[in-house]
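Structural description and commentary
Below are the chains, spelled out letter by letter.
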Amino acid sequence: MATRMMLALSLGFAGVILGTQIARADPQCGPRDVVLAALADRYGETRRGLGIAGDDKVMELFASEETGTWTLTLTMADGVTCMMASGQGFQPVNEALPAKGEKI
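Residues numbered from 1 in each chain as written. Predicted model: local features only at pLDDT ≥ 70, side-chain atom pairs only at ≥ 80, totals over all residues. Heavy atoms only, no water.

Another aspect to go through is the pattern of salt bridges. This model, assessed by the stated rule, comprises four salt bridges. Measuring nitrogen to oxygen at the nearest pair gives 2.8 Å for the salt bridge that ties Glu60 to Arg47. Of this pair, Glu60 sits in strand E3 (residues 57–63) while Arg47 sits in strand E2 (residues 46–53); the two residues are 13 residues apart in sequence, bridging distant segments of the chain. The salt bridge involving Asp56 is made with Lys57; its shortest N-O contact spans 3.1 Å. With a relative accessible area of 29%, Lys57 lands in the partly exposed category. Bridged by salt links that share partners, the residues Arg32, Arg47 and Glu60 form one connected network. (Salt bridge = Lys/Arg side-chain N within 4 Å of Asp/Glu carboxyl O. Helix = DSSP H or I, 4+ residues; strand = E, 2+ residues; numbered from the N terminus. Buried < 20%, exposed > 50% of the residue type's maximum accessible area, 1.4 Å probe, protein only.)

What follows concerns the state of the cysteines. If you walk through the whole model with that rule in mind, you get one disulfide. Here Cys29 connects covalently by a disulfide to Cys82, the sulfurs 1.9 Å from one another. Because the sign of the S-S torsion sets the handedness, a value of about 105 degrees for the bond joining Cys29 and Cys82 places this disulfide among the right-handed ones. With Cys29 in strand E1 (residues 28–31) and Cys82 in strand E5 (residues 80–87), this residue pair connects regions lying 53 residues apart in the sequence. (Disulfide = S-S within 2.5 Å.)

We now examine the side chain of Thr75. Looking at the element boundaries, Thr75 is found in strand E4 (residues 70–75). By relative accessible area, Thr75 is classed as buried at 9%. Among the polar contacts listed, one links the side chain of Thr75 to the side chain of Thr81, at a separation of 2.8 Å. (Polar contact = N/O pair within 3.5 Å; in protein donor to acceptor, adjacent residues only side chain to side chain.)

What follows covers the nonpolar core. Listed in full, the eight residues of the largest apolar core are Met59, Leu61, Ala63, Trp70, Leu72, Leu74, Ala85 and Phe90. Where this core is concerned, the elements lending two or more residues are E3 and E4. Not counting residues within four places of it along the chain, the set of residues in contact with Ala63 comprises Gly44, Glu45, Thr46, Arg48, Thr69, Trp70 and Phe90. (Core = buried A, V, L, I, M, F, W, Y, C linked by side-chain atoms within 4.5 Å. Contact = heavy atoms within 4.5 Å.)

The five strands lie next to each other as E1-E5-E4-E3-E2, forming an open sheet whose pairing is antiparallel. One side of each edge strand has no neighbouring strand; the edge strands of this open sheet are E1 and E2. Here the average twist between neighbouring strands, direction ignored, is 25 degrees. As paired strands, E2 and E3 are joined by seven bridges and run antiparallel to one another. When the sheet's bridge partners are listed, Gly51 is paired in E3 with Met59. Packing of helix H2 (residues 32–43) onto the sheet brings it into contact with E1, E2, E3, E4 and E5, and relative to E1 it is tilted by some 115 degrees. (Pairing = 2+ DSSP bridges. Axes fitted to C-alpha atoms, helices over the stretch in contact; angles between N-to-C directions.)

Spelled out as structure tokens, the structure:
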């Protein structure tokens, strides 16, 4: 069940990146604490989701319901965090995933 949920979240985040047309061609990277402080201070964003990307990376979604902004980050094993995509119009979703074989 958890594996299926993580797969669905990963596919969802990939769709967000592809669908926004604002994915960064040149990601902005820095030490994790510096990047997270900037997201919190400038945009009021907090972590809303995460997932494992490959063997040694963590993907995280940060967002703010107040400002509507969101940022997708990727953190490498060495602690460097890169902002991979960002946008506006964040809407939290809390709905059950469809059962296997059900249409969306």
